[in-house]
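Residue strings, one per chain:
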Amino acid sequence: MTAATTPPTDAAKGTHVPKAAALAGLADAALVSVFATIGRASHEHGLSVVGVAQTALPFLTGTALGWVVCLAMRRRAPLSVGDGLVVWIGTLVGGMILRAATGQGTAVSFIVVAGVVTGAFLLGWRALAGRLRRR
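None of these values were measured; they are calculated from a predicted model. (Residues numbered from 1 in each chain as written. Predicted model: local features only at pLDDT ≥ 70, side-chain atom pairs only at ≥ 80, totals over all residues. Heavy atoms only, no water.)

Novice: I would appreciate a short explanation of the overall build of the chain in the present structure.
Specialist: Looking only at helices and strands, the chain features four helices and two strands. Going from the N terminus to the C terminus, the chain shows its helices and strands as β-β-α-α-α-α. Burial statistics for the chain: of 135 residues in total, 32% are counted as buried. As displayed, the chain offers around 8100 Å² of accessible surface, 70% of which is attributable to carbon and sulfur atoms. (Helix = DSSP H or I, 4+ residues; strand = E, 2+ residues; numbered from the N terminus. Buried < 20%, exposed > 50% of the residue type's maximum accessible area, 1.4 Å probe, protein only. Areas by Shrake-Rupley, 256 points an atom, 1.4 Å probe, with all protein chains shown as cover.)

Novice: Would you explain helix 3 (residues 81–101) in this entry?
Specialist: Because each turn of an α-helix spans 3.6 residues, side chains separated by three or four positions in sequence point in the same direction. Its 21 residues give helix 3 an end-to-end C-alpha distance of 29 Å, which sits within 8% of 30 Å, the value for a rise of 1.5 Å per residue. Within helix 3, burial applies to Asp 83, Gly 84, Val 86, Val 87, Gly 90, Thr 91, Leu 92, Gly 94, Gly 95, Met 96 and Arg 99. The first or second residue beyond helix 3 is Gly 103, which carries a positive phi of 75°. (Expected span 1.5 Å × (residues − 1).)

Novice: It is not clear to me how the environment of Gly 124 should be interpreted in this structure. Could you clarify?
Specialist: Considering the arrangement of structural elements, one finds Gly 124 in helix 4 (residues 108–134). For the pair Gly 124 and Val 81, spaced 43 residues apart in the sequence, the C-alpha separation amounts to 8.0 Å.

Novice: How should helix 2 (residues 49–74) be read in this particular structure?
Specialist: Across its 26 residues, helix 2 extends 35 Å between first and last C-alpha, which sits within 8% of the 38 Å expected from 1.5 Å per residue. Of all the bends in helix 2, the largest measures some 40° and sits at Ala 56, one to four residues before the proline Pro 58. The complete set of buried residues in helix 2 reads Gly 51, Val 52, Thr 55, Ala 56, Pro 58, Phe 59, Gly 62, Thr 63, Gly 66, Trp 67 and Cys 70. Positioned one or two residues after helix 2, Arg 75 has a phi angle of 60°, which is positive. (Bend = angle between axes of the 7 residues up to and from the residue.)

Novice: What is the right way to read the layout of surface pockets from this model?
Specialist: In this approach the atoms are scanned with a rolling probe the size of a water molecule, which exposes any empty space left behind. Empty space within the second largest pocket amounts to approximately 250 Å³. Broken down by secondary-structure element, the contributors of at least two residues to the lining of the second largest pocket are helix 1 (17–42) and helix 4. Take the lining of the second largest pocket: its biggest share by element is six residues, from helix 1. Among the residues making up the lining of the second largest pocket, the classes are represented as six nonpolar, five polar and two charged. (1 Å grid on protein atoms, 1.4 Å probe; cavity = no way out; pocket = protein on both sides within 12 Å on 5 of 7 lines; lining within 4 Å. Points joined across faces, edges and corners; volume = space filled by probe spheres on them. Nonpolar A, V, L, I, M, F, W, Y, C, P; charged D, E, K, R; others polar.)

Novice: Would you mind going over the packing of helix 3 against helix 4 with me for this structure?
Specialist: A pair of packed helices is captured by two measures, namely the crossing angle of their axes and the spacing between those axes. Direction vectors running N to C along helix 3 and helix 4 enclose 150°, while the axes themselves pass 9 Å from each other. Viewed along their axes, helix 3 and helix 4 adopt a mutual orientation that is roughly antiparallel. Considering the relative orientation of helix 3 and helix 4, their crossing is right-handed. Of the residues in helix 4, those in contact with Val 81, Gly 84, Leu 85, Val 87, Trp 88, Thr 91, Leu 92, Met 96 and Arg 99 of helix 3 are Phe 110, Ile 111, Ala 114, Gly 115, Thr 118, Gly 119, Leu 122, Leu 123, Arg 126 and Ala 127. Within the contact of helix 3 with helix 4, the residues separate by chemical class into twelve nonpolar, five polar and two charged. (Axes fitted to C-alpha atoms, helices over the stretch in contact; angles between N-to-C directions. Parallel < 35°, antiparallel > 145°, perpendicular 65-115°, else oblique. Left-handed = near helix turned anticlockwise from the far one by under 90°. Contact = heavy atoms within 4.5 Å.)

As structure tokens, then:
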């Protein structure tokens, strides 16, 4: 491979960025799924795989939208807290629009709770990872 075709690397780890991006995407999807699971459990809706998937799907779609926007704007994986803001907004706004379109609840209190929890999850791991990288 020539220098022009060598994949970019994460200088701190010496790993290929696509691996970091895949792990970040999995972390986001897992945390959004945890959010959906906690929500279903706290409202006693049952924890079946299908039920959790139905609850998580609008938010996972919003997360994917946030990733697409971030990648299109920056041409790199959204690994920083700043980039995570785009992912978080996509998750919340996209999730709520899809929930409304499919007849699921979008009460103001739910929007606030979803915003706080998904924000803590999606921005929190990025802040922690950034801190660990700086050490």
